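Descriptive analysis of the structure
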Amino acid sequence: MKYLKSYNESIREYLKPKSEDDIRNTISNMDVVDVFKYIEEYELDNSFLPSDKEIKKYLNTLSINDWIKTVKKHKLDNSFLPTKKQIKDHIFNENNIKDFSKIFYKKATLIPNSDKSIIKLKSYDTIVAEFDVNTKKLKVNGWYSSTTSKHINSFISYLGGSFTLSKKELNEKPVIKI
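Residues numbered from 1 in each chain as written. Predicted model: local features only at pLDDT ≥ 70, side-chain atom pairs only at ≥ 80, totals over all residues. Heavy atoms only, no water.

1. Brief notes about the pairing of strand 3 (residues 126-132)
For the record, the criterion: Strand pairing requires that DSSP identify at least two bridges connecting the strands. A run of H or I in DSSP counts as a helix once it spans at least four residues, and a run of E counts as a strand once it spans at least two, with each numbered from the N terminus.
Summarising the sheet, strand 2 (residues 118-123) and strand 3 pair through 6 bridges and their orientation is antiparallel. By the bridge assignment, Ser123 is partnered in strand 3 with Thr126. From the end of strand 2 to the start of strand 3, which pair antiparallel, there are 2 residues, and Tyr124 there has a positive phi angle of about 60°. In sequence, strand 3 turns back onto strand 4 (residues 137-140) through a hairpin of 4 residues, with Lys136 there showing a positive phi of about 60°.

2. Thoughts on the nonpolar core
The cut-off we apply is this: Residue types Ala, Val, Leu, Ile, Met, Phe, Trp, Tyr and Cys, when buried and joined through side-chain atoms within 4.5 Å, form a set referred to as a nonpolar core. When a residue's accessible area, from a 1.4 Å probe over protein chains only, is under 20% of the maximum for its type it is buried; when over 50% it is exposed; and in between it is partly exposed. Here, residues are in contact when the closest pair of their heavy atoms is within 4.5 Å.
Leu121 and Phe155 are the most contacted members of the largest nonpolar core, which totals 43 residues. The element that contributes the greatest number of residues to this core is helix 3 (residues 32-41), accounting for 5 residues. Among all residues touching Leu121, those that are not within four sequence positions of it are Phe100, Ala108, Thr109, Leu110, Thr126, Ile127, Val128, Ala129, His151, Ile152 and Phe155.

3. Notes on the packing of helix 3 against helix 4 (residues 52-59)
Put simply, the test is: To obtain an axis, a line is fitted to C-alpha atoms, over the contacting stretch when the element is a helix, and the angle between two such axes runs from 0 to 180 degrees between their N-to-C directions. Roughly parallel means an angle under 35 degrees; roughly antiparallel means over 145; roughly perpendicular covers 65 to 115; every other angle is labelled oblique. In this classification, the charged set is Asp, Glu, Lys and Arg, the nonpolar set is Ala, Val, Leu, Ile, Met, Phe, Trp, Tyr, Cys and Pro, and all remaining amino acids, among them Gly, are polar.
Across the interface, helix 3 lies against helix 4 with an axial gap of 9 Å and an inter-helix angle of 95°. Considering their axes alone, helix 3 and helix 4 lie roughly perpendicular with respect to each other. Where helix 3 abuts helix 4, its residues Val32, Val33 and Phe36 lie against Glu54, Ile55 and Tyr58. Tallied by class, the residues present in the contact of helix 3 with helix 4 amount to 5 nonpolar, no polar and 1 charged.

4. Details of empty space enclosed by the protein
To find leftover empty space, a probe the size of one water molecule is rolled over the atoms. Put simply, the rule reads: Method remark: on a 1 Å grid restricted to protein atoms, a set of points is classed as a cavity if a 1.4 Å probe fits but cannot get out and as a pocket if it is open with protein on both sides within 12 Å along at least five of seven lines; lining residues have an atom within 4 Å of a point. Grid points are joined across faces, edges and corners, and a volume is the space filled by probe spheres set on the points.
By the definition in use, this model includes 1 cavity of 30 Å³ or more. There is about 40 Å³ of room inside the largest cavity. Every residue lining the largest cavity is listed: Lys84, Ile87, Ile91, Phe131, Val133 and Lys136. A per-element tally of the lining of the largest cavity places helix 6 (residues 84-91) first, with 3 residues. Residue classes in the lining of the largest cavity are distributed as 4 nonpolar, no polar and 2 charged.

5. Quick look at the packing of helix 7 (residues 94-103) against helix 8 (residues 146-158)
The following threshold applies: The hand of a helix crossing depends on one turn: near helix anticlockwise from the far one by less than a right angle means left-handed, and clockwise means right-handed.
Contact geometry for helix 7 and helix 8: axes closest at 12 Å, N-to-C directions at 155°. Taken together, the axes of helix 7 and helix 8 lie roughly antiparallel to each other. Considering the relative orientation of helix 7 and helix 8, their crossing is right-handed. For the pair helix 7 and helix 8, contact is made by Asn96, Ile97 and Phe100 and by His151, Ser154, Phe155 and Tyr158, respectively. In the contact of helix 7 with helix 8, the residues fall into 4 nonpolar, 3 polar and no charged.

Structure (structure tokens):
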């Protein structure tokens, strides 16, 4: 029993919650990426976030999808959301287009038009969806196969959408604002 009591006393200090000052000191020595991870891991409030400038710099390193999720998760104001130009740059970034094709073994490809206002999704040999960057509307040309449905839903995610379409919804040939 004596050992058990001393054991409990030895971890008592360790189990005490950190003070706000201790947390701030810990965070001050971290880079922005680690600060966000720390805030998420320990469910801290936004008062521990770094400066606006540092947040924007960090957000610029993320994909559009992760950027929007981070802004929503931390309830940041709309000024932290990506601009139309940033979204357009992401969508038409040559490396991102190549990466999208690699995911599907080049069975699904993205085809931007010359003025970069519309990007088409080609699944196998068929254009199955078109996204207008100016209106942010996605026109789906219907349901073709389960594989093509996966291509379309991945395209929606690539564009920053946080939803998927079912076979029934795809059959209705929807025009969706993203």
